[in-house]
Amino acid sequence: FSSTSTPITATLFPGDGIGPEIAESVKQIFREAEVPIEWEEHYVGEQIDPRTQSFLTWESLESVRRNKVGLKGPMATPIGKGHRSLNLTLRKELNLYANVRPCYSLPGYKTRYDDVDLITIRENTEGEYSGLEHQVVRGVVESLKIITRQASLRVAEYAFHYAKAHGRERVSAIHKANIMQKTDGLFLKVHQLSIVAREVAEKYPDIKYEEVVIDNCCMMLVKNPALFDVLVMPNLYGDIISDLCAGLIGGLGLTPSCNIGEGGIALAEAVHGSAPDIAGKNLANPTALLLSAVTMLRHLELHDKADRIQDAILNTIAEGKYRTADLGGKSTTTDFTKAICDHL
Ligand code: ATP
Ligand code: MG
């Protein structure tokens, strides 16, 4: 660290499966780039903590609440009863209401499109993922989709705020309100109200707003992703659309995300899961977690470091000499990490 800057403390969850390998890569690259961050590492516990009803300890959650910034590797939820999914625990306990997933074409890595530059913003706390499922009678089950004015407004406000802060031109709300009239209808209504409130306040006069039905949105994204800019949507649609977007630029090994929570919390994480098929084999692509760590740096306004690390990653991929297997290369996680360090 340079002597002038006091290090910032950030929470790090290496996570499961490939998590520890790709987290090691982030730590190494941050050291090489002299990023003024001190990691406070937390691991998923072996027992259920009664205070969180999950394998995540209360101390881990407190660490994120205190530091307000963190990076999370993938967490596989151990199978069994009587506890909550780790991801769900984090989302609920830390009120991580918006999941932001930037998705852009990587120069030098050829896919069908060269001009993808999308931001999906997913409502992260309710919708079909409210965890309210039960059996009505044998052979009939019911799942509740919850949409609230409060959560919709929070994510709407965040989407417009994001668009303005990042010089984006358009926000598209994705929905199926023609069928889901009450739930998606409310989601849209709140976005419209939010727009009106904003126009009155003249806070964001130049951002265009549109509403697109999800099925049509999928077709348009696959045909011409340049038609969209910022997309905001309920939970389930966000889960699906962001994987579709990842596919447009080369897959899950490349796409970062950041969870935004109440009180200014930012918890960055890769979109992908723990990839048990390649765990412990030094094969994982650390790019998604690295670019997530870059979004964390941007949140902290450490733009110089963010730019430097992002350039080193993109240049390494563009050069093509060191690529992991998911991108058609032969490099190990450690070779690829070293190549990025050399670019720094
Ligand atoms: P989850 O249920 O946690 O979302 P998933 O079933 O979607 O998990 P992932 O763990 O995301 O599965 O993996 C999907 C596929 O993508 C696997 O074949 C995995 O090996 C591959 N994959 C995921 N992340 C990476 C990565 N960082 N590098 C290389 N391959 C990856
Ligand atoms: Mg998945």
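Refer to the structure presented above.
Read on for a plain summary of the structure. Note that the structure is a prediction, hence the values are computed from the model and not measured.

### Focus: the overall build of the protein chain
Assigned secondary structure in the protein chain consists of ten helices and twelve strands. Relative to a compact globule of 344 residues, whose C-alpha radius of gyration would be 20 Å, the protein chain shows 20 Å and is just as compact. The principal-axis extents of the C-alpha atoms in the protein chain amount to approximately 55 × 50 × 45 Å. When burial is assessed residue by residue, the protein chain has 50% of its 344 residues classed as buried. Long-range contacts, defined here as pairs at least 24 residues apart, represent 72% of the contacts in the protein chain between residues at least 6 apart. About 15,900 Å² of surface is accessible on the protein chain, with carbon and sulfur atoms providing 53% of the total. With 37 positive and 44 negative side-chain charges, the protein chain shows a spacing of 3 Å between the two charge centroids.

### Regarding the pattern of salt bridges
Enumeration according to the criterion identifies 19 salt bridges in this entry. Between Glu24 and Lys27 there is a salt bridge, and its shortest N-O distance comes to 3.7 Å. Taken together, the positions of Glu24 and Lys27, both in helix 1 (residues 19-32) and three residues apart, correspond to about one turn of that helix. Exposure remark for Glu24: the relative accessible area of 35% places this residue in the partly exposed category. According to the relative accessible area criterion, Lys27 is buried, its value standing at 15%. Among the ionic pairs, Arg298 bridges to Asp307, the shortest N-O distance being 2.9 Å. Here Asp307 falls in the partly exposed class, since its relative accessible area comes to 36%.

### Some words on the site of ligand 1
The immediate surroundings of ligand 1 are formed by Ile18, Leu252, Gly253, His272, Gly273, Ser274, Ala275, Asp277, Ile278, Ala284, Asn285 and Asp326. One nitrogen or oxygen atom from the main chain of Gly273 is found 2.6 Å from an oxygen atom belonging to ligand 1. In the environment of ligand 1, an oxygen atom lies 2.9 Å from a nitrogen or oxygen atom belonging to the side chain of Asp277. Partitioned by chemical class, the residues of the shell around ligand 1 number five nonpolar, five polar and two charged.

### Points about the packing of aromatic side chains
Inspection of every chain in the model, using the stated rule, returns four aromatic pairs. Note on Phe30 and Trp39: the rings are 5.6 Å apart at their centroids and 40° apart in plane angle, and the pair reads as tilted. Of the residues examined, Phe30 reaches a relative accessible area of 3% and is grouped as buried. Between the aromatic rings of Tyr158 and Tyr162, the centroid separation amounts to 6.3 Å while the plane-to-plane angle is 50°, which identifies the pairing as tilted. Separated by four residues within a single helix, Tyr158 and Tyr162 lie in helix 4 (residues 149-165), roughly one turn from each other. Residue classification places Tyr158 among the buried residues on the basis of a relative accessible area of 13%. Linked through ring pairs, Tyr97, Tyr158 and Tyr162 together constitute an aromatic cluster.

### Some points on the sheet that holds strand 2 (residues 37-41)
The strand order across the open sheet formed by ten strands is 2-1-3-12-11-4-5-10-8-9, and the pairing between neighbours is mixed. Strands with a single pairing partner mark the edges of an open sheet, and in this sheet they are strand 2 and strand 9 (208-213). The average angle at which neighbouring strand axes cross in this sheet is 25°, direction not considered. Pairing of strand 4 (residues 96-104) with strand 5 (residues 117-123) involves seven bridges; the strand directions are antiparallel. Bridging from a neighbouring strand, Tyr104 pairs with Asp117 of strand 5. The strands that helix 7 (residues 235-249) touches are strand 4, strand 5, strand 8 (170-175) and strand 10 (230-233); relative to strand 5, the one it contacts most, it runs at about 160°.

### Comments concerning the side chain of His175
Along the polypeptide, His175 turns up in strand 8. A polar contact is formed between the side chain of His175 and the backbone nitrogen of Ala177, at a distance of 2.8 Å. Contacts of His175, omitting those with residues within four sequence positions, involve Asp184, Leu188, Glu211, Val212, Val213, Ile214 and Tyr237.

Conventions and cut-offs
Residues numbered from 1 in each chain as written. Chains lettered and ligands numbered in written order. Predicted model: local features only at pLDDT ≥ 70, side-chain atom pairs only at ≥ 80, totals over all residues. Heavy atoms only, no water. Helix = DSSP H or I, 4+ residues; strand = E, 2+ residues; numbered from the N terminus. Rg over C-alpha atoms; globule rule 2.2 N^0.38 Å. Buried < 20%, exposed > 50% of the residue type's maximum accessible area, 1.4 Å probe, protein only. Contact = heavy atoms within 4.5 Å. Areas by Shrake-Rupley, 256 points an atom, 1.4 Å probe, with all protein chains shown as cover. Lys, Arg positive; Asp, Glu negative; His and termini not counted. Charge placed at Lys NZ, Arg CZ, Asp CG, Glu CD. Salt bridge = Lys/Arg side-chain N within 4 Å of Asp/Glu carboxyl O. Near = heavy atom within 4 Å. Polar contact = N/O pair within 3.5 Å; in protein donor to acceptor, adjacent residues only side chain to side chain. Nonpolar A, V, L, I, M, F, W, Y, C, P; charged D, E, K, R; others polar. Phe/Tyr/Trp six-rings, centres within 6.5 Å; stacked < 30°, edge-to-face > 60°. Pairing = 2+ DSSP bridges. Axes fitted to C-alpha atoms, helices over the stretch in contact; angles between N-to-C directions.

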